[in-house]
Amino acid sequence: MIGPSPNPLILSYLKYAISSQMVSCSSVLTAISKFDDFSRDLCVQALLDIMEMFCDRLSCHGKAEECIGLCRALLSALHWLLRCTAASAERLQEGLEAGTAPGEKQLALCLQCLEKTLSSTKNRALLHIAKLEEASSWTAIEHSLLKLGEILANLSNPQLRSQAERCGTLIRSIPTMLSVHSEQLHKTGFPTVHALILLEGTMNLTGEMQPLVEQLMMVKRMQHIPTPLFVLEIWKACFVGLIESPEGTQELKWTAFTYLKIPQVLVKLKKYFHGDKDFTEDVNCAFEFLLKLTPLLDKADQRCNCDCTNFLLQECNKQGLLSEVNFASLVGKRTADRDPQLKSSENANIQPNPGLILRAEPTVTNILKTMDADHSKSPEGLLGVLGHMLSGKSLDLLLAAAAATGKLKSFARKFINLNEFTTHGSGESTKTASVRALLFDISFLMLCHVAQTYGSEVILSESSSGEEVPFFETWMQTCMPEEGKILNPDHPCFRPDSTKVESLVALLNNSSEMKLVQMKWHEACLSISAAILEILNAWENGVLAFESIQKITDNIKGKVCSLAVCAVAWLVAHVRMLGLDEREKSLQMIRQLAGPLYSENTLQFYNERVVIMNSILEHMCADVLQQTATQIKFPSTGVDTMPYWNLLPPKRPIKEVLTDIFAKVLEKGWVDSRSIHILDTLLHMGGVYWFCNNLIKELLKETRKEHTLRAVQLLYSIFCLDMQQMTLVLLGHILPGLLTDSSKWHSLMDPPGTALAKLAVWCALSSYSSHKGQASSRQKKRHREDIEDYISLFPVEDMQPSKLMRLLSSNEDDANILSSPTDRSMNTSLSASQLHTVNMRDPLNRVLANLFLLISSVLGSRTAGPHTQFVQWFMEECVDCLEQDSRGSILQFMPFTTVSELVKVSGMSSPKVVLAITDLSLPLGRQIAAKAIAAL
């Protein structure tokens with residue numbers, strides 16, 4: 001290169017040395033990139049010629065450091081090529097002005113070499129690693145690319161210009177190599193999104209929005225769902241929920257979920273999509289699709305007795321999810337499409353639920369403000385507000401609106417404070433005493449009602465150790481019967497101070513009616529259980545006649561209904577402990593307490609309070625009455641009967657019920673609310689392992705491809721009933737069992753094997769991304785005893801690898817010795833998670849680490865079969881669901897040695913896969929990726 005043209009003899013030696021691999025690719029590339037006298041045409045052409053000779057088949061079989069060296073050299077060479085192209089283009093422009101064109105040939109050569117280098121995915125992958133190794137060099141390349149773009153914009157030759165644009169696009173695509181996924185445009189239904197929305201609306205109205213938003217985004221990403229179809233599926237599920245929810249409270253809950261919570265969820269989803277404009281377009285597009293589903297919308301309108309879509313469009317417009325133009329156009333289309341019969345049948349004097357719910361939401365805020373005031377100043381005014389809340393269905397409307405907007409917890413806190421305030425009365429007149437009694441009663445009944453409708457977690461406070469626990473919380477935790485909670489009637493909480501009990505018994509037995517002045521209601525509530533026991537004993541031993549019992553029960557429920565609730569709470573616990581022949585009198589007493597009292601001098605709002613009391617008593621007695629097969633007629637005064645109760649068919653093994661319900665769901669293609677409740681009950685009864693294992697067996701029986709895919713989408717949504725525990729069982733017990741037992745390998749064939757791999761990855765990703773958050777209240781209730789202690793199951797000590805790790809790993813402790821894949825004895829099984837120091841005491845991390853060790857041993861073993869194929873599907877799905885730059889990916893648990901094993905599998909030997917499965921944020925990860933890609 002000393003003269004104007006290169007020395008041909010030395011050049012031919014060099015070409016021979018490169019072809020016979022006597023010199024490494026990286027040293028040649030580095031040497032070329034140091035030449036910067038671009039005015040010497042013949043020298044530059046010779047260098048381009050050399051580069052073109054080998055730039056599309058770069059390889060390196062040396063140590064990891066040498067492979068990283070190749071990445072850096074390629075990056076320098078790319079920079080050199082860009083500078084060379086720019087120089088040629090500048091000379092071409094100058095030449096054109098001077099009337100000669102010597103630069104055109106050289107520019108064509110430069111672009112040809114650039115295109116050849118960049119069109120290889122392997123080279124782009126090596127450049128991707130180099131970019132992470134040397135960020136400053138990449139910045140230089142971006143600058144050169146901008147400069148080149150400016151120069152080439154003035155080029156007259158369209159062919160060269162388009163070639164240059166192609167090269168620019170390829171370079172710009174290097175940093176985002178991993179984030180390109182194709183969306184599913186050929187499908188229209190997405191059962192997972194549908195089931196997730198139904199599950200949340202049916203069982204988790206009080207749940208926080210953020211976890212739901214993240215879960216939905218996770219599903220959208222894993223299943224590559226286009227945004228308009230994703231939003232459409234959410235609306236479809238909401239309308240189905242509206243149509244099929246049982247009347248009464250459940251219907252109001254669904255209405256609140258659809259009209260208050262889901263628009264808020266979409267507002268949060270909007271933040272995940274860059275550019276508001278696009279998202280509002282997508283929402284508009286989703287509504288356009290929805291309006292084509294006229295039968296569904298008409299059925300919802302018929303059920304709700306109003307134009308449901310119109311209310312929804314208004315709400316979305318208010319939240320900024322639709323532009324004014326689109327809103328007007330959509331409203332017009334729906335009005336034109338609606339069934340004319342619906343318009344005539346809309347009953348003007350019945351207010352439709354969607355309208356009521358939307359009006360209830362601001363009322364909740366006002367009530368919360370009212371309840372913040374000092375109760376002692378104007379108790380009568382407060383009583384008026386609360387009395388108004390009790391009438392008709394307004395209480396359930398307000399509670400549903402509060403639940404859907406996340407205000408239920410503060411609502412409950414306000415009522416607990418009010419209840420505490422009314423427990424003490426000193427120096428009061430008859431009037432103030434009766435107001436206090438009413439405030440106590442209403443707050444007590446409302447809190448019971450909230451606990452039964454939305455779960456007791458809503459009421460419990462995160463109290464600090466020093467604070468005194470409020471009376472209602474204490475009573476609810478110790479004395480209130482709930483589904484699946486067994487109370488001991490002889491527990492000390494039911495046995496208060498005997499003198500108080502005696503005076504209460506005397507009060508109930510002697511006076512014609514309850515006195516109110518100076519009455520400590522919370523003490524009466526705690527003493528009533530012992531008082532009832534004495535009265536019951538007296539009745540059973542013939543000391544008291546039935547007439548006296550009637551008088552006593554009238555006294556109990558005459559003024560404050562809370563006393564009757566507390567009495568029945570104890571009776572329910574008591575009846576459970578009795579033999580069938582001993583129960584009659586206790587049940588009769590419950591019947592007596594349940595009926596309302598017909599007398600003139602009851603306190604204000606008596607009828608409204610009795611309605612709530614009856615609904616509370618019915619819920620309390622449901623379990624006992626089901627077990628004893630007795631009937632108690634609760635006077636239904638417009639209260640809805642208990643929905644989703646007694647769902648399991650009697651005298652059938654639960655395994656049959658499970659397989660039956662899953663078959664039905666699979667045939668239908670979506671999970672409805674009733675099935676969700678049955679599955680939830682079965683999960684309670686059978687436990688997590690039984691539930692998960694039997695459903696996986698059903699999946700592995702499927703033999704048709706489209707059926708298995710549908711089954712996976714539905715199973716994933718069913719597992720959302722308790723995703724954390726399901727994932728632990730699936731990855732910690734079921735998969736290892738299938739992979740290590742050769743007699744079960746046949747069940748992992750395609751298509752069920754592919755489907756199981758998909759399900760496993762989806763569950764692992766969901767649990768891993770959400771397990772930093774809290775479990776929802778629905779999952780906290782679950783009994784955990786059927787999950788073994790994962791710490792003893794997978795003994796990974798804090799610093800030292802587990803037994804399985806030790807079996808697989810080398811005797812070499814040095815993580816930097818990355819040996820050749822053939823020499824297995826030296827391999828280390830260090831993984832990215834160990835370098836990121838992930839907490840291995842966490843059961844999920846433990847299970848994932850062990851699963852990837854097992855995968856590693858399957859790949860490294862001598863026998864191939866369906867199990868090795870399964871591992872390949874599992875890894876492919878991991879790559880397919882991967883998020884760009886996701887450091888917290890489950891793949892960080894994979895031992896680094898697995899990479900070289902995986903590349904041997906034909907389906908996985910692609911540069912993109914290697915980039916996807918290694919943790920490129922770590923220097924060691926980049927070395928391993930470079931080594932694996934350079935050897936491809």
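Conventions used here
- Residues numbered from 1 in each chain as written.
- Predicted model: local features only at pLDDT ≥ 70, side-chain atom pairs only at ≥ 80, totals over all residues.
- Heavy atoms only, no water.
- Axes fitted to C-alpha atoms, helices over the stretch in contact; angles between N-to-C directions.
- Helix = DSSP H or I, 4+ residues; strand = E, 2+ residues; numbered from the N terminus.
- Parallel < 35°, antiparallel > 145°, perpendicular 65-115°, else oblique.
- Contact = heavy atoms within 4.5 Å.
- Nonpolar A, V, L, I, M, F, W, Y, C, P; charged D, E, K, R; others polar.
- Salt bridge = Lys/Arg side-chain N within 4 Å of Asp/Glu carboxyl O.
- Buried < 20%, exposed > 50% of the residue type's maximum accessible area, 1.4 Å probe, protein only.
- Patch = residues over 30% accessible without salt bridge, like charges linked within 9 Å, V, L, I, M, F, W, Y side chains within 5 Å.
- Areas by Shrake-Rupley, 256 points an atom, 1.4 Å probe, with all protein chains shown as cover.
- Expected span 1.5 Å × (residues − 1).
- Arc of directions from axis to C-beta.

1. Quick look at the packing of helix α22 (residues 430–454) against helix α25 (residues 521–540)
Helix-helix packing is described using two parameters, namely the angle between the two axes and the distance between the axes.
Piece 1. Interhelical geometry of α22 versus α25 gives an angle of 55 degrees and a closest axis separation of 11 Å. Of the possible angle classes, the one that applies to α22 and α25 is oblique. Contacts between α22 and α25 involve Arg436, Ala437 and Phe440 from the former and Trp521, His522 and Cys525 from the latter.
Piece 2. In the contact of α22 with α25, the residues fall into four nonpolar, one polar and one charged.

2. Here's the deal with the side chain of Ser527
Piece 1. Considering the arrangement of structural elements, one finds Ser527 in helix α25.
Piece 2. Setting aside its immediate chain neighbours within four residues, Ser527 contacts Pro496, Lys500, Val501 and Leu504.

3. Topic: the pattern of salt bridges
Note that side chains of opposite charge can pair when their charged atoms are close.
Piece 1. Under the definition given, this model contains 29 salt bridges.
Piece 2. Residue Arg40 is joined to Asp37 by a salt bridge in which the shortest nitrogen-to-oxygen separation is 3.4 Å.
Piece 3. Under the relative-accessibility criterion, Asp37 is labelled partly exposed at 29%.
Piece 4. Among the ionic pairs, Asp298 bridges to Arg334, the shortest N-O distance being 2.8 Å. Note that Asp298 is positioned in helix α14 (residues 294–304) and Arg334 in helix α16 (residues 324–337), a separation of 36 residues in sequence. In terms of burial, Asp298 and Arg334 fall into one category: buried.
Piece 5. Connected via shared salt-bridge partners are Asp298, Asp301, Asp307, Arg334 and Arg338.

4. Some remarks on a nonpolar patch on the surface
Piece 1. Together, Leu14, Tyr16, Met22 and Val23 line one region of the surface with nonpolar side chains, adding up to about 400 Å² of accessible area.
Piece 2. Position of Met22 among the secondary structure elements: in the loop between α1 (8–19) and α2 (25–33).

5. Details of helix α7 (residues 135–152)
Because an α-helix completes one turn every 3.6 residues, residues spaced three or four positions apart along the sequence face the same direction.
Piece 1. If you check α7, its first and last C-alpha atoms are 26 Å apart, about what 18 residues at 1.5 Å a residue would give, namely 26 Å.
Piece 2. Residues of α7 that are buried include every one of Trp138, Ile141, Ser144, Leu145, Leu148, Ile151 and Leu152, and no others. End-on view of α7: buried residues confined to an arc of 130 degrees, all on one side of the axis. Of the residues in α7, the exposed ones pointing more than 90 degrees away from the buried face are Ala135, Ser136, His143, Leu146 and Glu150.

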